[in-house]
Amino acid sequence: MHSSYEKRTSEKARDLRFLQYLQERSELPVSLRIPPGFLDELIDTLLKQKNINLDYLYAVQTEIDGKSSYIMGNSDFRPPKKYGSL
């Protein structure tokens with residue numbers, strides 16, 4: 001059986017590996033950091049947990065050389081102008 005010290009050390013090592021993993025991935029484009037479908041599932045799950053049953057659209061976009069570029073979500077999503085241009 002693990003002692004309390006060994007358990008804490010193991011947890012700290014796991015946390016350190018996870019932070020290193022996040023650091024390495026932070027260098028990647030967002031489209032490679034977020035698995036396909038993950039954001040869809042996350043948004044859907046969180047809305048359902050709050051008993052919000054509405055249709056929604058979203059998009060993750062970036063700006064490259066002054067042009068908006070679609071990354072993921074609903075490619076036909078166009079927010080109202082008051083929320084900024086995407």
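Residues numbered from 1 in each chain as written. Predicted model: local features only at pLDDT ≥ 70, side-chain atom pairs only at ≥ 80, totals over all residues. Heavy atoms only, no water.

A. Summary view of unusual backbone geometry. Despite not being glycine, N51 has its phi angle at roughly 55 degrees, a positive value. With respect to the helices and strands, the residue N51 is situated in the loop between helix 3 (38-49) and strand 1 (59-64). Here N51 falls in the exposed class, since its relative accessible area comes to 66%. (Helix = DSSP H or I, 4+ residues; strand = E, 2+ residues; numbered from the N terminus. Buried < 20%, exposed > 50% of the residue type's maximum accessible area, 1.4 Å probe, protein only.)

B. Just the pattern of salt bridges, in detail. Counting across every chain of the model gives two salt bridges. Salt-bridge contacts for D15 lead to R14; the nearest nitrogen and oxygen are separated by 3.2 Å. Among the residues examined, D15 registers a relative accessible area of 37% and is labelled partly exposed. For K48, the salt bridge goes to D44, with nearest N and O atoms at 3.1 Å. On the criterion of helical spacing, the pair formed by K48 and D44 is a turn pair, its members being four residues apart in helix 3. With relative accessibility at 29%, the residue D44 sits in the partly exposed group. (Salt bridge = Lys/Arg side-chain N within 4 Å of Asp/Glu carboxyl O.)

Note that every value here comes from positions in space, so none of it alone points to a role or purpose.
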